[in-house]
Amino acid sequence: MRLGGSRGGNTFENHDHTRKVTITVADQKSVNQAIVAAQALLNQILDDMMGTVSADLRKVVNSAFSRHPTSGRISTERILALKRQDFDHPLWPEARKALSDAVEVIGSRTYLRFYMRETSKEGWKNIDLNFSSL
């Protein structure tokens with residue numbers, strides 16, 4: 001039996017709404033080698049737009065491709081945030097697709113969280129089940 005949607009997420013509450021359990025699934029994403037082509041395409045767009053684009057915009061775009069100092073990884077969140085931008089350039093739809101192709105799902109994790117409250121009118125409080133902190 002599968003609970004929730006296609007990803008398995010769901011929420012269960014007791015009848016007096018003082019206890020709650022949530023099940024969520026989070027994707028783990030990584031940047032693949034297609035990022036090199038996506039960055040080259042974005043640089044071409046910025047070069048074409050240099051007359052109308054400030055140097056600050058180039059810094060913002062290039063910062064999306066910077067690597068984390070300790071892990072050496074490119075942030076998938078920054079790449080996906082860049083993809084949501086809208087540039088007025090004929091190559092932008094192709095660049096947006098290249099950014100999408102460069103981010104891939106490499107796995108997923110399921111999280112089970114427990115919450116409680118004294119009455120149904122109060123806010124939820126997380127029940128910490130981290131045994132190392134108990």
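Our structure is the block above this text.
The notes below deal with the structure included here. (Residues numbered from 1 in each chain as written. Predicted model: local features only at pLDDT ≥ 70, side-chain atom pairs only at ≥ 80, totals over all residues. Heavy atoms only, no water.)

## Describing the overall build of the chain
(1) Moving on: Looking only at helices and strands, the chain features 4 helices and 4 strands.
(2) Moving on: Overall, the chain shows an N-to-C arrangement of helices and strands of β-β-α-α-α-α-β-β.
(3) Moving on: Across its three principal directions, the C-alpha atoms of the chain cover 65 × 35 × 30 Å.
(4) Moving on: Out of the 134 residues in the chain, the part that is buried amounts to 27%.
(5) Moving on: Nonlocal contacts in the chain, meaning residues at least 24 apart in sequence, comprise 56% of its contacts between residues at least 6 apart.
(6) Moving on: One finds the centroid of the 19 positive side-chain charges in the chain at a distance of 5 Å from the centroid of its 15 negative side-chain charges. (Helix = DSSP H or I, 4+ residues; strand = E, 2+ residues; numbered from the N terminus. Buried < 20%, exposed > 50% of the residue type's maximum accessible area, 1.4 Å probe, protein only. Contact = heavy atoms within 4.5 Å. Lys, Arg positive; Asp, Glu negative; His and termini not counted. Charge placed at Lys NZ, Arg CZ, Asp CG, Glu CD.)

## Things to note about the layout of surface pockets
(1) Moving on: By volume, the largest pocket amounts to about 330 Å³.
(2) Moving on: Lining of the largest pocket is provided by 16 residues; of these, Ser30, Val31, Arg73, Ile74 and Thr76 occupy positions nearest its centre.
(3) Moving on: Put simply, the parts of the chain that give the lining of the largest pocket at least two residues each are β2 (19-31), α1 (35-48) and α3 (76-83).
(4) Moving on: The biggest single contributor to the lining of the largest pocket is β2, with 3 residues.
(5) Moving on: Class assignment of the residues belonging to the lining of the largest pocket gives a composition of 5 nonpolar, 7 polar and 4 charged. (1 Å grid on protein atoms, 1.4 Å probe; cavity = no way out; pocket = protein on both sides within 12 Å on 5 of 7 lines; lining within 4 Å. Points joined across faces, edges and corners; volume = space filled by probe spheres on them. Nonpolar A, V, L, I, M, F, W, Y, C, P; charged D, E, K, R; others polar.)

## A closer look at the pattern of salt bridges
(1) Moving on: Within the structure shown, the criterion is met by 2 salt bridges.
(2) Moving on: Arg58 serves as the salt-bridge partner of Asp47, at 2.5 Å between the closest nitrogen and oxygen. One end of the pair, Asp47, is in helix α1; the other, Arg58, is in helix α2 (residues 55-64), and 11 residues separate them in sequence.
(3) Moving on: Here Asp101 makes a salt bridge to Lys97, at a shortest N to O gap of 3.1 Å. (Salt bridge = Lys/Arg side-chain N within 4 Å of Asp/Glu carboxyl O.)

## A look at α2
Each α-helix turn comprises 3.6 residues. Residues three or four places apart therefore point the same way.
(1) Moving on: Within α2 the residues assigned to the buried category are Arg58, Val61 and Ala64. Down the axis of α2, the buried set is contained in an arc of 115°. They therefore lie on one face. Among the exposed residues of α2, those pointing more than 90 degrees away from its buried face are Lys59 and Val60.
(2) Moving on: Against α1 and α3 lie the buried residues of α2. (Arc of directions from axis to C-beta.)

## Comments concerning the nonpolar core
(1) Moving on: Ranked by size, the top nonpolar core spans 22 residues in total, and within it Ile35, Leu42, Phe65, Ile79, Leu82 and Leu99 carry the most contacts.
(2) Moving on: Within the residue set of this core, elements represented by two or more residues are α1, α2, α3 and α4 (92-102).
(3) Moving on: Once you skip the residues sitting within four places of it in the chain, Ile79 turns out to touch Ile35, Ala64, Phe65, Ile74, Leu99 and Val103. (Core = buried A, V, L, I, M, F, W, Y, C linked by side-chain atoms within 4.5 Å.)

## Topic: the packing of aromatic side chains
(1) Moving on: Under the defined criterion, the tally for this structure stands at 1 aromatic pair.
(2) Moving on: Summarising the aromatic geometry, the rings of Phe87 and Trp92 are spaced 4.7 Å apart at their centres and angled 85° between planes, so their arrangement reads as edge-to-face.
(3) Moving on: Residue Phe87 is classed as buried on the basis of its relative accessible area of 12%.
(4) Moving on: Among the residues examined, Trp92 registers a relative accessible area of 2% and is labelled buried.
(5) Moving on: Positioned above the aromatic ring of Trp124 is the side chain of Arg117, whose terminal nitrogen or guanidinium carbon lies 3.8 Å from the ring centre. (Phe/Tyr/Trp six-rings, centres within 6.5 Å; stacked < 30°, edge-to-face > 60°. Lys NZ or Arg CZ within 6 Å of the ring centre and 35° of its normal.)

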